[in-house]
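Here is what each chain is made of, one letter per residue.
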Amino acid sequence: MDVDYLRRTVGEPLGKCLAEVCEKRPSDPIEYIALWLYKELANQKYEKQKAADEAQLLQEQIEYELELERQELKRIEAERLAALEAERKKAEEEQRAREAAEAAAAEAAAAEQAAAEQAAAEAEAAAKAAAEEATDADREGQDPEAGSTGQPAAEAGEGGEQGGEDGEQPPTIVVPPADEGEEQPPPAAEETPAQEGETTEQT
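Below or above, wherever it landed, is the structure these notes cover. (Residues numbered from 1 in each chain as written. Predicted model: local features only at pLDDT ≥ 70, side-chain atom pairs only at ≥ 80, totals over all residues. Heavy atoms only, no water.)

What about the overall build of the chain?
Check the secondary structure of the chain and you find 3 helices and 0 strands. Going residue by residue from the N terminus, the α and β elements of the chain occur as α-α-α. Carbon and sulfur atoms form 56% of the exposed surface of the chain, whose accessible area is close to 17,600 Å². (Helix = DSSP H or I, 4+ residues; strand = E, 2+ residues; numbered from the N terminus. Areas by Shrake-Rupley, 256 points an atom, 1.4 Å probe, with all protein chains shown as cover.)

Shown next as structure tokens:
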């Protein structure tokens, strides 16, 4: 078991040292062996440190590459988000532009409708005014004719009334003078228009 321990721990370096002592045949082989072993120990530490440094460097290189990949992924994600934000803003601007255009179109349509309604109202008012003017003109044209035709009728009516009044006057009865010896008959009573009417009915 001791032999296995020595073989595992100092077997390889001690074998190299003894081989070098046999080859170079130093004057003080023990000192040479001691110095060689110290140097071998330093070399082993150096090799271990070098391996550790290389492993750390490799790990750092791997981490650096991973960081680059992460940065690249972040950049791609940022670009994607920026593109999405740009598309969203563009969509919002287009939506606002559409809404503004629709509002302008609605305002224009409302203005056109209001103008059309105002024009229709003005036309209707003008038509009513023209109809009223035509009616007034017709009335003014009919009034002189009514006055010219009505005056003679009124005059005729007045004449008829006057004639009626003249016709209703009772006739005058002239009585001749009587002789002095004769008795004078009583004067006849004047017939009134009513009596004349009764006489006419009796006949």
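Observations regarding the pattern of salt bridges
Under the defined criterion, the tally for this structure stands at 9 salt bridges. The residue Glu-85 makes a salt bridge to Arg-88 at a minimum N-O spacing of 2.1 Å. Highlighted residues: Glu-85 and Arg-88, both in helix H2 (residues 29-168), separated by 3 residues, approximately one helical turn. Accessibility expressed as a relative area gives 38% for Arg-88, which makes it partly exposed. As a salt-bridge pair, Glu-124 and Lys-128 come within 3.7 Å of each other at their nearest N and O atoms. Taken together, the residues span about one helical turn, with Glu-124 and Lys-128 both in helix H2 at a distance of 4 residues. Connected through shared salt-bridge partners, Glu-72, Arg-75 and Glu-79 make up one network. (Salt bridge = Lys/Arg side-chain N within 4 Å of Asp/Glu carboxyl O. Buried < 20%, exposed > 50% of the residue type's maximum accessible area, 1.4 Å probe, protein only.)

Some words on the environment of Cys-17
Assignment of secondary structure puts Cys-17 in helix H1 (residues 2-24). Sequence separation between Cys-17 and Trp-36 is 19 residues, and the spatial gap between their C-alpha atoms is 6.7 Å. For Cys-17, the residues in contact, after removing those within four places along its chain, are Ile-33 and Trp-36. (Contact = heavy atoms within 4.5 Å.)

Topic: the layout of surface pockets
In this structure, the largest pocket encloses a volume near 150 Å³. Every residue lining the largest pocket is listed: Thr-9, Val-10, Pro-13, Leu-14, Leu-37, Glu-40, Leu-41 and Gln-44. Only H1 and H2 provide two or more residues apiece to the lining of the largest pocket. Along the lines of polarity and charge, the residues of the lining of the largest pocket split into 5 nonpolar, 2 polar and 1 charged. (1 Å grid on protein atoms, 1.4 Å probe; cavity = no way out; pocket = protein on both sides within 12 Å on 5 of 7 lines; lining within 4 Å. Points joined across faces, edges and corners; volume = space filled by probe spheres on them. Nonpolar A, V, L, I, M, F, W, Y, C, P; charged D, E, K, R; others polar.)

Here we look at a nonpolar patch on the surface
A cluster of nonpolar side chains, contributed by Tyr-5, Leu-6, Val-10, Leu-14, Leu-18 and Leu-37, occupies part of the molecular surface with about 500 Å² of accessible area. At 5 residues, the largest contribution of residues to the nonpolar patch is made by H1. The residue Leu-37 is located in helix H2 in this model. (Patch = residues over 30% accessible without salt bridge, like charges linked within 9 Å, V, L, I, M, F, W, Y side chains within 5 Å.)

Concerning unusual backbone geometry
Of note in this structure, Arg-25 is not a glycine but carries a positive phi near 50°. Relative to the elements of secondary structure, Arg-25 occurs in the loop between H1 and H2.

Here we look at a negative patch on the surface
The grouping of Glu-132, Glu-133, Asp-136, Asp-138 and Glu-140 at the surface amounts to a negative patch. Within the secondary structure layout, Glu-140 lies in helix H2. (Lys, Arg positive; Asp, Glu negative; His and termini not counted. Charge placed at Lys NZ, Arg CZ, Asp CG, Glu CD.)

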